[in-house]
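Close look at the chain arrangement
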Amino acid sequence: MGAELRIIPVTGIGDITPGSDLGVLISAALQAQGVTLANGDILVVTQKIVSKAEGRLVQLEEVTPSAFALTIARETGKDPRHVEVILQETRRLVRMDRGVLICETHHGFVCANAGVDESNLSGQHQVSLLPRDPDHSARTLRERLLALAASAASHRSSEGEPLEELAVIISDTWGRPWRNGQVNMAIGVAGLEPIRDYRGEPDAYGRELRVSAIAVADELAAAAELVMGKSAGVPVALIRGYTYIPTEGGVGPLLRDAASDLFR
């Protein structure tokens with residue numbers, strides 16, 4: 001563990017449109033703040049700007065609701081077009097009650113409304129979808145940032161340590177079972193092990209730990225939200241000082257399978 005953790009809001013990125021190069025925009029924003037990426041840095045990037053850049057946006061006026069969507073809309077009070085988009089993003093409806101749809105997405109996430117969201121969008125009657133493959137989005141952004149850093153270093157006269165160890169987390173704001181309020185969680189991971197597994201290690205008194213496996217990717221995503229906010233226009237945060245386990249990454253280890261899920 002690092003002795004000190006810094007969380008730096010990355011400002012000035014501006015609005016994102018389909019096709020935007022997030023790597024270039026994030027690199028430029030960091031440069032404007034006088035921040036240079038260093039080995040061991042972690043970038044937490046909101047799902048919303050990733051979805052916007054990837055064109056994962058739907059105009060509701062172009063959606064024709066199915067009979068099932070119309071039935072659900074009557075029961076929940078939702079826009080039937082919105083419900084139709086949710087159903088298209090859903091592998092299985094887990095629960096529907098009091099106007100809330102808890103869905104298992106095609107990625108295997110269990111969340112409200114299959115991640116379909118209306119917030120922080122400039123267009124009327126528009127919703128955003130989760131990235132098709134958030135892990136791929138995280139890997140692609142990480143590779144882009146590493147390439148940009150290498151290119152920038154080649155143009156500098158001074159020699160420095162090459163950037164090789166960098167992690168990217170794609171985050172989204174979700175509710176949690178048993179708790180009120182929402183937190184940021186990781187939906188895509190590249191460059192770090194998402195779970196720190198302490199099982200088999202001794203605790204402070206020498207007893208063997210049997211169940212402690214800490215979801216560090218979720219903890220980092222939640223910590224980053226403290227400098228992002230939901231309406232502050234800060235979609236990226238840089239975390240510096242946390243010592244993580246470098247791996248290819250991936251969100252898979254964070255997903256509980258149905259066989260071990262007591263609530264599905």
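Residues numbered from 1 in each chain as written. Predicted model: local features only at pLDDT ≥ 70, side-chain atom pairs only at ≥ 80, totals over all residues. Heavy atoms only, no water.

- Per an unreviewed UniProt entry, the chain goes by F420-0--gamma-glutamyl ligase and derives from Thermogemmatispora aurantia.

Remarks on the overall build of the chain
- Along its length, the chain carries six helices and 12 strands.
- Its C-alpha radius of gyration of 20 Å places the chain within 12% of the 18 Å reference for a compact globule of 264 residues.
- Its C-alpha atoms put the chain at 65 × 50 × 25 Å along the principal axes.
- In the chain, 62% of the contacts between residues at least 6 apart in sequence involve partners at least 24 apart.
- In the structure as shown, the chain presents an accessible area of about 14,300 Å², 50% of it carried by carbon and sulfur atoms. (Helix = DSSP H or I, 4+ residues; strand = E, 2+ residues; numbered from the N terminus. Rg over C-alpha atoms; globule rule 2.2 N^0.38 Å. Contact = heavy atoms within 4.5 Å. Areas by Shrake-Rupley, 256 points an atom, 1.4 Å probe, with all protein chains shown as cover.)

Observations regarding the side chain of K48
- Here K48 is to be found in helix α2 (residues 47-53).
- The class of K48 is buried, set by a relative accessible area of 9%.
- With residues near it in sequence (within four places) discarded, K48 still touches D117, S119, N120, L121 and S128. (Buried < 20%, exposed > 50% of the residue type's maximum accessible area, 1.4 Å probe, protein only.)

Some remarks on the domain arrangement of the chain
- Here the chain is partitioned into domain 1 (6-55 + 132-253) and domain 2 (57-128).
- Between the C-alpha centres of domain 1 and domain 2 there is a distance of 27 Å.
- The interface is formed by 12 residues belonging to domain 1 together with 11 residues belonging to domain 2.
- Each partner contributes to the roughly 960 Å² buried at the junction of domain 1 and domain 2, and carbon and sulfur atoms together form 56% of this total.
- Three residues, K48, K52 and W174, lead the burial of domain 1 against domain 2; their summed loss comes to 46% of the area buried on that side. (Domains from an automatic or database assignment. Buried area = accessible area lost by both parts, 1.4 Å probe.)

Side note on the environment of I86
- Within the fold, I86 resides in helix α4 (residues 80-88).
- Overall, the relative accessible area of 0% leaves I86 in the buried class.
- With 20 residues separating them in the primary sequence, I86 and S66 have C-alpha atoms 12 Å apart.
- The contact partners of I86, leaving out residues within four places of it in the chain, are L101, C103, N113, A114 and V116.

Remarks on unusual backbone geometry
- Positive phi is not limited to glycine here, since N113 has a value of about 60°.
- As for its placement among the helices and strands, N113 is situated in the loop between β6 (110-112) and β7 (126-128).
- When its relative accessible area of 17% is taken as the criterion, N113 is described as buried.
- Notably, W178 is not glycine yet its phi reads approximately 75°, a positive angle.
- Summarising the element assignment, W178 is placed in the loop between β8 (166-176) and β9 (179-190).

Let's talk about the environment of E225
- Within the secondary structure, E225 sits in helix α6 (residues 216-228).
- Under the relative-accessibility criterion, E225 is labelled partly exposed at 23%.
- Residues E225 and V44, spaced 181 residues apart in sequence, show a C-alpha to C-alpha distance of 8.8 Å.
- Beyond its immediate stretch of four places on either side in the chain, E225 contacts N184 and K230.

Description of helix α1 (residues 22-32)
- Listing the buried residues of α1 in full gives L22, G23, I26, A29 and L30. Looking straight down α1, one finds that the buried residues subtend no more than 135° of arc, so they occupy a single side. In this structure, α1 carries Q31 and A32 as exposed residues pointing more than 90 degrees from its buried face.
- In this structure, the buried residues of α1 make contact with β1 (6-10), β2 (41-46), α2, α5 (134-154) and β12 (236-240).
- Capping of α1 at its N-terminal end is provided by D21; its side-chain oxygen lies 3.2 Å from the backbone amide nitrogen of G23. (Arc of directions from axis to C-beta. Polar contact = N/O pair within 3.5 Å; in protein donor to acceptor, adjacent residues only side chain to side chain.)

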